[in-house]
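Structural overview
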Amino acid sequence: MRYLRNLARRPVRTTLTIMGITIGIWALVVFGSMANKINALVSGGSTYYADKIEVTASSGSTGGFSSAPMSLSVADAVRAVDGVDVVSPAVMLLMDEQPTTVNMGVPPMITGSVAGSDEGRDDFVLRYAEGRALTPADEGSSVTVLGSDIARKYDKHVGDTIDLRGTRFEVVGVLEPTLTAPDQAASLPLEAAQLLYFQSLPAVVQTGLHPLELATTMTVYLDPGADPETVADRIETQVPDVATMTGKDFDQQIGSATSILNAILVGIALISLAVGGLSVVNTMAMSIAERTREIGIKRAIGGSRTRIVRELVLEAGLIGLIGGLIGLALGAVVVYLGDEAGRSSGTVLFELTLGTAVTAVAFSTILGAIAGFVPAVHAARLDPVTALRYE
Amino acid sequence: MALLEGRNLRKTYRLGRHNTVDALRGVDVVVGAGEMIAIMGPSGSGKSTLMHILGLLHGPDTDGGPTPELTFAGRDMVALDDGERTRIRAREMGFVFQDFNLVPTLTALENVMLACDYAGRGGSAGRAAATEALGIVGLSDRHGHRPSELSGGEQQRVAIARALVNQPNLILADEPTGNLDSEHTEEILGILRRFNRERGQTFILVTHDSDVGAVCDRVIRMRDGRIRPEPVPVPPPVAPPIEPVAPERIAVVAGS
């Protein structure tokens, strides 16, 4: 209470200082939430690619997603490589024929594979908000399971139909959010995806290809104990015209790019916080100078230096705490509104975690206290008699 | 018995590189327990400096002359560090200042409680002691008032309550009535005198007001950083002094 009263002595100045901290913490919360979202995407991918190998055509392979066609017969060649247990071929293509919006993270995708072709090896858990999973019996029919963001964006539920690349599909299931790639995907039976993919190819390429012999990617599950890197090297040497990607490759390619982005985001937030922190130093220095005489009184009547420092540091910490809480509240509002607005267009940018919230407030409190420390120590070292004479 | 004993107390303030002020040039002083003394002298005579040294706010200079000595309640004070001096100020001394020097954001009660807190008596014990102290100075109905809501006399009574709340042996007051009118001066002096008599507490008052000196047991007069020797009593004049003529009588004479 006493500390609040001290802050209320100069309400305008205190408010401005708190606003400085507020802006810094606001930036930290918003950018931190953005970084969280990116991290969730990356770690989802990292987990997904751990202990398996993605095989794509070596032409046109970028970051593991390739639009170049491969023959299904490649699956047999890969299966013959030492260390390979199961090969699950799939077709992946962009949902939009001509992508119009730049997406953060993963663009909307159409993926097709024969349900169960991984032979139970895929341990990425998918939960269904509505409906059911695809089954091998769905091959040949036009059905789809939608990721949560896609379902939300187009407002589709089980029983509705959705147009994908000009073909009408019946929605049989909707996934729970995973915070990573499946949220932005529509899963099809392999045959349906193959047909869509074939249609999307230029006429020149179509010649000589049979739609139902096509795949764009193959997921390779390994024999127990096999080293992904070694097996990946073997596949590239033994199977012609394919490229491989392992979990390590993914981390190197995507992980390093996103960690730079994260560093930039958090860096911006920290710079704004540093400015806010300096404003606390300034405020505390001024406020202490104004109170020189009062500090002299307290020292004269027996207040120890430690007590004086403690009082002032707590007061500065309180500025930080208030600024942090307001910044967190404003940041949470932006994150909420941003995600609500983004969801309708399928782009969820932010994820505010409890960790980010607690870190932001704790950080601003500690920052405030540290900012108050130097002027406080300076004040406590004043000679009480000189301080008492101070006008 | 001496409560406070100082010898060879010197203090030189360095204001600039070549500008020093010898505020105290070697003072010996003994204050007995239960005494109420006044230190008087013109500005710059060193009276405040002496009080600051006796009240442990400053240490005496240890170089440039005979070794200073300062004992309080039988303990040597010269060698103490700042923390130990602060502790003694908090627990065994009380301070009253000319400008009242209350903390402006705290209420009267909180100002008094602050001294309890510094003396290690926090919480409800401190609150009870502070309430009692405010009652003794006649401010029972002013607990929740901030200093800005109190008159000068009331503020100084709060300051006295703060100085007395820990029942210290020694109370030092620097011009305690300097900012008060004569009515409030009498009131404050009355309170101080009462505590000195009833509780045997020792008071050192720094003042340039001879009315304040008059209520004290003893006056130490200072000039130029030294204690002036007691003047040799002047023998009473042989001839009776001429009675001054009252102004009203002059008026009567002039008007007749």
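Everything quoted here is computed from the prediction, not taken from an experiment.

Each value, and the rule that gives it
- Each chain carries its own residue numbering, running from 1 in the direction its sequence is written.
- As a convention, the first chain written is A and the first ligand written is 1, with the rest following in written order.
- In view of the model being predicted, local features appear only for residues whose pLDDT reaches at least 70, and side-chain atom pairs are presented and counted only at 80 or more, with totals across whole chains, interfaces and linings using the full set of residues.
- The helix count covers DSSP runs of H or I at least four residues long, the strand count covers runs of E at least two residues long, and both are numbered beginning at the N terminus.
- Three exposure classes are used, based on other C-beta atoms lying within 10 Å of a residue's own C-beta, which is placed from the backbone: buried for 20 or more, exposed for 12 or fewer, and partly exposed in between.
- Placing C-beta atoms from the backbone, we regard two residues as in contact once those atoms come within 7 Å.
- Values of pLDDT, which run from 0 to 100, indicate the predictor's confidence residue by residue.
- Axis angles are defined between N-to-C directions and span 0 to 180 degrees, where every axis is a line fitted to C-alpha atoms and, for a helix, only to the segment in contact.
- Here roughly perpendicular refers to angles of 65 to 115 degrees, roughly parallel to angles under 35, roughly antiparallel to angles over 145, and oblique to all remaining angles.
- In a left-handed crossing the near helix is turned counterclockwise from the far helix by less than a right angle, and in a right-handed crossing that turn is clockwise.
- The nonpolar class holds Ala, Val, Leu, Ile, Met, Phe, Trp, Tyr, Cys and Pro. Asp, Glu, Lys and Arg form the charged class, and all remaining residues, Gly among them, are polar.
- Here, a nonpolar core means buried Ala, Val, Leu, Ile, Met, Phe, Trp, Tyr and Cys residues linked by C-beta atoms lying within 7 Å of one another.
- Two strands qualify as a pair provided that DSSP identifies no fewer than 2 bridges between them.
- The arc in question is traced by the directions running from the helix axis to the C-beta atoms.

Looking now at the overall build of chain B. Secondary structure summary: chain B contains eight helices and 10 strands in total. By residue count, 43% of the 256 residues in chain B fall in the buried class. Considering only residue pairs separated by 6 or more positions, chain B has 70% of its internal contacts joining residues 24 or more positions apart.

Per-residue pLDDT for chain B has a mean of 88; in total, 90% of the residues score no lower than 70. Scoring the predicted complex yields pTM 0.70 and, for the interface, ipTM 0.84.

Residues and elements named next belong to chain B. In contact at an axis separation of 8 Å, helix 3 (residues 108-118) and helix 4 (residues 123-136) are set at 125° when each is read in the N-to-C sense. Relative to helix 4, the element helix 3 is oriented oblique. The chirality of how helix 3 crosses helix 4 is right-handed. Taken together, the residues of helix 4 that come into contact with helix 3 (itself represented by Ala108, Leu109, Val112, Met113, Cys116 and Asp117) are Gly126, Arg127, Ala129, Ala130, Thr131, Ala133 and Leu134. Grouping the constituent residues of the contact of helix 3 with helix 4 by class yields nine nonpolar, two polar and two charged.

All right, on to the nonpolar core then. Core analysis: the biggest nonpolar cluster contains 73 residues, and B:Ile39, B:Val112 and B:Ala161 have the highest contact counts within it. Broken down by element, the residue count for this core peaks at eight residues, all from helix 3 of chain B. Excluding residues within four positions of it along the chain, B:Ala161 makes contact with B:Val112, B:Ala133, B:Leu134, B:Ile136, B:Val137 and B:Leu139. With 47 residues, the next largest nonpolar core counts A:Met92, A:Val143, A:Val145 and A:Leu175 among its residues.

We now examine the interface of chain A and chain B. Taken residue by residue, the interface counts 14 residues in chain A and 18 residues in chain B. Of all the secondary-structure elements, those providing two or more residues to the side of chain A that touches chain B are helix 1 (2-8), helix 9 (292-300) and helix 12 (384-389) of chain A. When grouped by side-chain class, the residues that make up the side of chain A that touches chain B number six nonpolar, four polar and four charged.

Paired through their backbone hydrogen bonds, the strands of a sheet run either parallel or antiparallel. Residue and element names in this part refer to chain B. In space, the six strands of this open sheet follow the order 6-7-8-3-9-10, with mixed pairing throughout. In this open sheet, the two strands that pair with only one neighbour each are strand 6 (93-96) and strand 10 (226-227). Here strand 9 (residues 218-223) pairs with strand 10 via two bridges, running antiparallel. Residue Met222 lies in a different strand from strand 10, and its bridge partner there is Ile227. Against the sheet, helix 5 (residues 152-164) contacts strand 6 and strand 7 (170-174), and its axis sits at roughly 170° relative to strand 6.

Counting all residues, the mean pLDDT for chain A is 85, and 94% of those residues have values of 70 or more. Here strand 2 (residues 61-62) of chain A stands out as the least confident element of chain A, with mean pLDDT 48; strand 8 (residues 143-146) of chain A is the most confident, with 93.

Moving on to helix 7 (residues 228-238) of chain A. The α-helix advances 3.6 residues per turn, and as a result positions three or four apart in sequence lie on the same side. Residues and elements named next belong to chain A. When helix 7 is considered as a whole, its buried residues turn out to be Pro228, Val231, Ala232 and Ile235. Taken down its axis, helix 7 places every buried residue within 105° of arc, on the same side. On its buried face, helix 7 sits against strand 1 (52-57), helix 3 (73-79), strand 5 (84-94), strand 13 (217-222), strand 14 (242-245) and helix 8 (247-290).

Bringing the pairing of strand 5 of chain A into the picture now. Residues and elements named next belong to chain A. With eight of 11 residues buried, strand 5 lies mostly within the body of the structure. Bridge analysis of strand 5 against strand 13 gives six bridges, and the strand direction is antiparallel. What sits directly across from Val87, in strand 13, is Val220. The pairing of strand 5 with strand 6 (residues 109-113) spans five bridges and is antiparallel. What sits directly across from Val91, in strand 6, is Gly112.

Residues and elements named next belong to chain B. A positive phi angle, near 65°, is found at Phe100, a position not held by glycine. Take Phe100: it is sitting in the loop between strand 6 and helix 3. Although it is not a glycine, Gln167 adopts a positive phi angle of roughly 45°. Secondary-structure assignment places Gln167 in the loop between helix 5 and strand 7.

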